[in-house]
Amino acid sequence: MLRNITCRPLKLRRARNNDSVAGEALSYLVGMLAAKKDRTKIIRIHGLRMQCLSTKIYERITGRRLSRPQVVVYGMPAMKAVGRRRQGLKNLQDVITELAGDERQFFLEESVNAFSDFFLQKEGNTPEQLKDFYYSFPGIDISNRRVLALLRIAIIGVFEEQIKTAEANEDKDLVLKYSSGIKALFKDLKGEFDPAQLTNFVLIRIGDYLRKKTSAPKQALPYYEELLSRDDKFGEFKARLGIADVLGSSDDVSDNKQAIVSLEDIRKRATDDEQVQEDALFRIVEISAKIGDWAKCETSCRQYLDAKYSKKTAQVSYLFAVSYDKRGMNEDALFNYGNVYNRYRGFILISAPSVQRVMEIMWQRDMKAGEQVGTGDKARIVEMDDRQTCYQKIGWPYVNGTKRIRENNPDMTDEEKDLWDAVAALVKKYETSGLIKTMEQVREEELEAKRRGKGK
C-alpha cells in the first residue's frame, strides 16, 4: 500500500519534472515508514527527499518547504541506525536555524525536541552540555527572543525527564539538582523575556509554572492574558483555565464565584481537550467546597465521578462525602466516607479525616443494636451499638493497619502525621471512656466463646 501511495507522485515528478509534488509525497512517506520502523526504506527515500529540497523550484515555494523539517525529524532513527547520527544532528541543527528565521516556524518545537532526544542518546553527552549548546545555538541571533525562550523550555523538558529517572532510582541528590536547575531556568525566562516575545506554547509553560510552583500565582496572569490577546488561539483554554484557577485561589469570594462561571464555560467549550475539561471540573469541585456551596460541590463531584475521570478521583470522592456531612445528611456521609477509607486507606490526607468523621458521627448518633436506621429501601437494622462499632470495626483497625505508615514512612508530611495522630487520639479517647469494650476485652470474650464451644 505504501508503495502505491508514493509511486504515482514520483512518476508524475519524472514526467513533469515537478520536484515540489514529489517532495511532498516523500515527506508523508517518510513519516509513515518511520511509524513502521522501516529504516532501510527511510534511508533511500530520505536521500531522494534531500535532492528534491535542493532544487530551485522547491525552494521558491514557501508552503512546500515547510515539509522539510518533518522529513529530517522522521529520518533520524534511520540515520542513527546506519551510523550517520552526526549528520542527522547536523541536519536537525540546520533545520532549527532555518526555522528560527521564519515567521511561522512550523514544526520548530518538534525539531528541537528531536535534537534533544538524539543528542542525549549519544554516549557521553549530558543534559548540561545540551543546555550550554542551546544557550549559544549556532546561527540564532541573540535578538531572536522567541526561539531562545523555546530552547530554554526544551532544556526544562529534558531536566523534567531526568527528574523522573532520578525519582525511579531514588536518587534524591539528582532530583534536587535538576529541580534547582528548572527553578533557575524559569527565573531566567521570567526575568529576561517579555511575554510579547514568546510563543503561545512558552507562555503556557511559564504561566503554569508560576501558577503552580510559586507562592505568587498572580504572576502567571500576564502570560495567559498575552496569549488570549492574540489571533492565534493555540492554548486558549489552558490559558483561560489558568486565569480561572488564579481567581479560585483568591481570598475574595466574588473572585471565586467568577472562577466557577469561567470554569463551567471552559468545560462546555473545550470539547477537543478532555484533560482541560477534567481539570476545570476538579477546580469547580474544590472552589465550591472552599466557599461552602455544598450543593454545587455535590453536583460537580457526581459529574466528575460519573465521567469516570481518574486523575483526582480520590480527592473528589472525599469532597463528595464532605458535601453530605456539611449539610447534616449523615447516612449519605457515612456511606461515602466509608468508600473513601476503604478504597484509599494509604492516602492519609483523605482516609484519616474520613475515619475520624465516621467515628464522631456514630459516637454522637449512639444507636443501639436492634434499632432501625434509614427509611424505605435504605432501611436496615443496626447489628452492633454505634459506639462499639466506630471503635471496634472502624477506628481501631484503621490505626492498627496504618501504624507502619506513620512510623516508617520518611516522606510523610507534618499534615499527614497530624491527621493520623488525631484518629489515634480519638480511638484512645473512646477506648478509655468506660462506655465501650476495649479490644482486649473483645478478644477475651472471643477466646472464652471458643473455649465454651470446644467444651460442648
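Because the structure is predicted, anything quoted here is derived from the model rather than measured.

## Comments concerning the overall build of the protein
Along its length, the protein carries 23 helices and two strands. When burial is assessed residue by residue, the protein has 45% of its 456 residues classed as buried. Of the roughly 25100 Å² that the protein leaves accessible, carbon and sulfur atoms contribute 48%.

## Quick notes on the side chain of Q277
Relative to the helices and strands, Q277 is located in helix α16 (residues 274-290). A distance of 2.8 Å separates the side chain of Q277 from the backbone oxygen of R267, its partner in a polar contact. From its side chain, Q277 meets the backbone oxygen of A270 in a polar contact 3.5 Å long. Residues in contact with Q277, not counting those within four places in the same chain, are R267, A270, T271 and Y309.

## Some thoughts on the environment of A100
Inspection of the secondary structure assignment puts A100 in helix α7 (residues 85-100). For A100, the residues in contact, after removing those within four places along its chain, are Q105, I140, N144 and V147.

## With respect to unusual backbone geometry
The phi dihedral of F107 falls on the positive side, at around 70°, and the residue is not glycine. On the secondary structure map, F107 appears in the loop between α7 and α8 (108-121). Take F107: its relative accessible area is 11%, and that puts it in the buried class. You will see that D366, though not glycine, has its phi angle at about 55°, which is positive. Mapped onto the fold, D366 is located in the loop between α20 (348-365) and β1 (372-373).

## A short note on the pattern of salt bridges
Tallied over the full model, the rule gives 30 salt bridges. R365 is the salt-bridge partner of D386, the closest N and O atoms lying 2.7 Å from each other. Here D386 is found in helix α21 (residues 386-408), whereas its partner R365 is found in helix α20, with 21 residues between them in sequence. On the basis of relative accessibility, which here comes to 1%, the residue D386 falls in the buried class. Two residues, E431 and K428, come together in a salt bridge whose shortest N-O distance is 3.7 Å.

## A word on helix α6 (residues 68-81)
Helix length check: α6 (14 residues) gives 20 Å between terminal C-alpha atoms against 20 Å at 1.5 Å per residue, within 8%. The sharpest bend along α6 reaches about 40° and sits at G75, with the proline P77 one to four residues further on. Three or more residues of α6 are buried, namely R68, P69, Q70, V71, V72, V73, G75, M76, A78 and M79. Where α6 ends, the next residue or the one after it, G83, has phi of about 75°, a positive value.

## Describing the confidence of the model for the protein
Low pLDDT marks regions whose predicted coordinates should not be analysed in detail. Looking at the protein, pLDDT values average 88 and 85% of them are 70 or higher. Across residues 50-66, confidence stays below pLDDT 50; counting only partners more than four residues off in sequence or on other chains, it has 29 contacts.

So, how was this worked out
- Residues numbered from 1 in each chain as written.
- Predicted model: local features only at pLDDT ≥ 70, side-chain atom pairs only at ≥ 80, totals over all residues.
- Heavy atoms only, no water.
- Helix = DSSP H or I, 4+ residues; strand = E, 2+ residues; numbered from the N terminus.
- Buried < 20%, exposed > 50% of the residue type's maximum accessible area, 1.4 Å probe, protein only.
- Areas by Shrake-Rupley, 256 points an atom, 1.4 Å probe, with all protein chains shown as cover.
- Polar contact = N/O pair within 3.5 Å; in protein donor to acceptor, adjacent residues only side chain to side chain.
- Contact = heavy atoms within 4.5 Å.
- Salt bridge = Lys/Arg side-chain N within 4 Å of Asp/Glu carboxyl O.
- Expected span 1.5 Å × (residues − 1).
- Bend = angle between axes of the 7 residues up to and from the residue.
- pLDDT = per-residue confidence, 0-100.

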